[in-house]
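So the chains spell out like this:
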Amino acid sequence: MKKLLFAIIVLSALMMTACSKSEFIMSENTEKAMTIKAENANVDDFFMIGTLTVGEGEQITITSNLEKGAVKVELIGVPENQSIDEVPDLEIEPTYTDTVEVGSASLVGDYMVKATVTEKATGTIDINVIPAE
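Residues numbered from 1 in each chain as written. Predicted model: local features only at pLDDT ≥ 70, side-chain atom pairs only at ≥ 80, totals over all residues. Heavy atoms only, no water.

## As for the overall build of the chain
Tallying secondary structure elements over the chain gives 1 helix and 7 strands in all. Listing every helix and strand of the chain by position from the N terminus yields α-β-β-β-β-β-β-β. In the structure as shown, the chain presents an accessible area of about 8,400 Å², 55% of it carried by carbon and sulfur atoms. (Helix = DSSP H or I, 4+ residues; strand = E, 2+ residues; numbered from the N terminus. Areas by Shrake-Rupley, 256 points an atom, 1.4 Å probe, with all protein chains shown as cover.)

## Regarding the nonpolar core
Judged by nonpolar contacts, the single largest core of 23 residues is most densely connected at Phe24, Ile36, Leu52, Ile60, Val71 and Ile127. Mapped onto this core, the elements with two or more residues apiece are strand 1 (23–29), strand 2 (33–41), strand 3 (46–54), strand 4 (58–77) and strand 7 (109–131). It is strand 7 that contributes the most residues to this core, 8 residues altogether. (Core = buried A, V, L, I, M, F, W, Y, C linked by side-chain atoms within 4.5 Å. Buried < 20%, exposed > 50% of the residue type's maximum accessible area, 1.4 Å probe, protein only.)

## Observations concerning unusual backbone geometry
Positive phi is not limited to glycine here, since Asn40 has a value of about 50°. Here Asn40 shows up in strand 2. For Asp44, which is not a glycine, the phi torsion comes out positive at approximately 75°. With respect to the element layout, Asp44 can be found in the loop between strand 2 and strand 3.

What follows is the structure, given as C-alpha coordinates:
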(Lines give C-alpha, C1' and ligand atoms only; values in the text may rest on other atoms or scores of the structure.)
Protein backbone atom coordinates (compact mmCIF):
# COMPACT_ATOMS: atom_id res chain seq x y z
CA MET A 1 0.00 0.00 0.00
CA LYS A 2 2.82 2.41 0.88
CA LYS A 3 4.49 1.72 -2.50
CA LEU A 4 1.24 2.48 -4.34
CA LEU A 5 0.77 5.74 -2.42
CA PHE A 6 4.41 6.73 -3.10
CA ALA A 7 3.98 5.94 -6.82
CA ILE A 8 0.83 8.09 -6.98
CA ILE A 9 2.60 11.02 -5.30
CA VAL A 10 5.60 10.77 -7.65
CA LEU A 11 3.35 10.47 -10.71
CA SER A 12 1.30 13.48 -9.58
CA ALA A 13 4.44 15.57 -9.11
CA LEU A 14 5.69 14.63 -12.58
CA MET A 15 2.33 15.49 -14.15
CA MET A 16 2.27 18.89 -12.44
CA THR A 17 5.79 19.64 -13.70
CA ALA A 18 4.94 18.54 -17.24
CA CYS A 19 1.87 20.77 -17.25
CA SER A 20 3.72 23.89 -16.12
CA LYS A 21 2.71 26.90 -18.15
CA SER A 22 5.12 28.38 -20.69
CA GLU A 23 4.69 32.01 -21.70
CA PHE A 24 6.78 34.59 -23.58
CA ILE A 25 4.92 37.84 -24.25
CA MET A 26 5.12 41.62 -24.35
CA SER A 27 2.98 42.58 -21.34
CA GLU A 28 3.33 46.36 -21.77
CA ASN A 29 3.76 48.11 -25.10
CA THR A 30 3.81 51.89 -25.45
CA GLU A 31 6.08 54.04 -27.58
CA LYS A 32 8.22 54.84 -24.49
CA ALA A 33 8.05 51.61 -22.45
CA MET A 34 7.87 47.87 -23.04
CA THR A 35 7.91 44.95 -20.63
CA ILE A 36 8.78 41.44 -21.74
CA LYS A 37 7.36 38.66 -19.57
CA ALA A 38 8.77 35.12 -19.56
CA GLU A 39 7.40 32.20 -17.59
CA ASN A 40 9.26 28.96 -18.26
CA ALA A 41 9.85 30.33 -21.79
CA ASN A 42 11.50 27.79 -24.07
CA VAL A 43 14.73 28.25 -26.01
CA ASP A 44 14.08 29.82 -29.45
CA ASP A 45 10.68 31.26 -28.44
CA PHE A 46 10.56 34.75 -29.95
CA PHE A 47 8.37 37.66 -30.97
CA MET A 48 8.85 40.91 -32.84
CA ILE A 49 6.84 44.00 -32.03
CA GLY A 50 7.09 47.76 -32.62
CA THR A 51 7.33 50.68 -32.25
CA LEU A 52 9.63 52.17 -29.62
CA THR A 53 10.26 55.89 -30.30
CA VAL A 54 13.49 57.53 -29.16
CA GLY A 55 13.87 61.29 -29.63
CA GLU A 56 16.83 63.67 -29.40
CA GLY A 57 18.17 63.79 -25.86
CA GLU A 58 16.69 60.38 -24.95
CA GLN A 59 18.17 56.94 -24.51
CA ILE A 60 16.93 53.39 -24.21
CA THR A 61 17.51 51.46 -21.00
CA ILE A 62 17.11 47.70 -20.80
CA THR A 63 16.83 46.24 -17.31
CA SER A 64 16.63 42.52 -16.62
CA ASN A 65 14.56 41.13 -13.79
CA LEU A 66 15.06 37.55 -14.98
CA GLU A 67 15.11 34.96 -12.21
CA LYS A 68 16.74 32.46 -14.57
CA GLY A 69 17.71 32.10 -18.21
CA ALA A 70 18.64 34.61 -20.90
CA VAL A 71 16.86 36.59 -23.60
CA LYS A 72 18.46 38.28 -26.62
CA VAL A 73 16.95 41.70 -27.36
CA GLU A 74 17.40 43.26 -30.79
CA LEU A 75 16.38 46.81 -31.72
CA ILE A 76 15.63 47.09 -35.42
CA GLY A 77 15.43 50.56 -36.93
CA VAL A 78 12.21 51.34 -38.79
CA PRO A 79 12.89 53.22 -42.04
CA GLU A 80 11.40 56.73 -42.09
CA ASN A 81 9.39 55.90 -45.23
CA GLN A 82 7.87 52.72 -43.72
CA SER A 83 4.11 52.63 -44.35
CA ILE A 84 1.78 51.23 -41.71
CA ASP A 85 0.06 49.30 -44.52
CA GLU A 86 3.13 47.25 -45.48
CA VAL A 87 4.95 44.47 -43.66
CA PRO A 88 8.39 45.62 -42.48
CA ASP A 89 11.53 43.94 -43.85
CA LEU A 90 12.27 41.21 -41.30
CA GLU A 91 15.71 40.48 -42.78
CA ILE A 92 17.15 43.91 -41.91
CA GLU A 93 20.17 43.90 -39.61
CA PRO A 94 19.46 44.99 -36.02
CA THR A 95 20.76 48.39 -34.94
CA TYR A 96 21.42 47.06 -31.43
CA THR A 97 21.71 43.50 -30.09
CA ASP A 98 22.29 42.40 -26.51
CA THR A 99 21.81 39.28 -24.45
CA VAL A 100 20.03 41.03 -21.66
CA GLU A 101 21.52 41.66 -18.29
CA VAL A 102 21.49 45.44 -17.78
CA GLY A 103 22.36 48.04 -20.35
CA SER A 104 21.51 51.22 -22.16
CA ALA A 105 21.91 52.50 -25.70
CA SER A 106 21.92 56.01 -27.09
CA LEU A 107 19.87 55.71 -30.27
CA VAL A 108 17.46 58.09 -31.98
CA GLY A 109 14.52 56.97 -34.13
CA ASP A 110 11.75 54.38 -34.19
CA TYR A 111 12.57 50.77 -33.40
CA MET A 112 10.90 47.41 -33.55
CA VAL A 113 11.89 45.07 -30.73
CA LYS A 114 12.71 41.41 -31.38
CA ALA A 115 13.18 39.21 -28.31
CA THR A 116 14.47 35.63 -28.47
CA VAL A 117 14.90 33.20 -25.58
CA THR A 118 18.48 31.84 -25.58
CA GLU A 119 18.23 29.93 -22.27
CA LYS A 120 14.95 28.76 -20.71
CA ALA A 121 13.77 31.94 -18.97
CA THR A 122 11.52 33.18 -16.19
CA GLY A 123 11.08 36.81 -15.13
CA THR A 124 10.69 40.19 -16.82
CA ILE A 125 12.74 42.62 -18.88
CA ASP A 126 11.92 46.34 -18.86
CA ILE A 127 12.76 48.51 -21.88
CA ASN A 128 12.30 52.24 -21.31
CA VAL A 129 12.99 55.46 -23.17
CA ILE A 130 14.32 57.99 -20.67
CA PRO A 131 16.11 61.36 -20.82
CA ALA A 132 19.80 60.91 -21.68
CA GLU A 133 22.22 61.41 -18.82
